Amino acid sequence: MPKIMPITVLRDTNEISDTCRKLNEPIFITKNGHGDMVVMSIEAYERDFALVEVYRKLIVAENQIANGEAVNAETAFDALRKKYGY
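Residues numbered from 1 in each chain as written. Predicted model: local features only at pLDDT ≥ 70, side-chain atom pairs only at ≥ 80, totals over all residues. Heavy atoms only, no water.

Some thoughts on helix α3 (residues 73-84)
Right, so step 1: Counted at 1.5 Å a residue, the expected span for α3 with its 12 residues is 16 Å, and the 16 Å between its end C-alpha atoms agrees.
Right, so step 2: Directly beyond the C-terminal end of α3, a positive phi value near 75 degrees is found at G85. (Helix = DSSP H or I, 4+ residues; strand = E, 2+ residues; numbered from the N terminus. Expected span 1.5 Å × (residues − 1).)

This is the structure in structure tokens:
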């Protein structure tokens, strides 16, 4: 379940920093009862960003397959062996 906190917690930077590291997930900050921003640790950001990059690459690969641009693994490995002499 997402952690939701009021914007006043940002006054205590140590508390919000500790909470971010402890939860290792985004914390949603509200202002006047409405969503305003998201705060997260560097580790959580890097993990989530890496996951987004994997999803982007999967979309590209799926599009290549759908467009007939992909080759099977055996053909790909044969080409690599030829290129690098293995």
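Now that the structure is up, let's keep going.
A short note on the nonpolar core
Right, so step 1: Counting 6 residues, the largest nonpolar core consists of M5, V9, I16, C20, I27 and I29.
Right, so step 2: When sequence neighbours within four positions are dropped, the list of residues in contact with I27 reads K3, M5, I16, T19, C20, M37, V38 and V39. (Core = buried A, V, L, I, M, F, W, Y, C linked by side-chain atoms within 4.5 Å. Buried < 20%, exposed > 50% of the residue type's maximum accessible area, 1.4 Å probe, protein only. Contact = heavy atoms within 4.5 Å.)

Describing the pairing of strand β2 (residues 27-31)
The side chains of a regular strand alternate, first on one face of the sheet and then on the other.
Right, so step 1: With 4 bridges joining them, strand β1 (residues 3-6) and β2 adopt parallel strand pairing. Note that in β2 the partner of P6 across the bridge is T30.
Right, so step 2: Between the parallel elements β1 and β2, the chain passes through helix α1 (residues 13-23) in a crossover that is right-handed.
Right, so step 3: Taken together, the 5 bridges between β2 and strand β3 (residues 34-39) define a ladder with antiparallel strand orientation. What sits directly across from I27, in β3, is V39.
Right, so step 4: The turn joining β2 and β3, which pair antiparallel and follow one another in sequence, is formed by 2 residues; a positive phi near 55 degrees is taken by N32. (Pairing = 2+ DSSP bridges. Right-handed = clockwise from strand over helix to strand, strands pointing away.)

With respect to the sheet that holds β2
Each strand in a sheet pairs with another by means of backbone hydrogen bonds, the pair being arranged parallel or else antiparallel.
Right, so step 1: Reading across the sheet, the 3 strands line up as β1-β2-β3 and stay open at both edges, with mixed pairing between neighbours. Of all strands in the sheet, those bounded by a partner on one side alone are β1 and β3. Across the sheet, the mean angle separating the axes of adjacent strands is 35 degrees when strand polarity is ignored.
Right, so step 2: Those strands touched by α1 are β1, β2 and β3, and its axis lies near 140 degrees from that of β2. (Axes fitted to C-alpha atoms, helices over the stretch in contact; angles between N-to-C directions.)

Geometry only, nothing functional implied.
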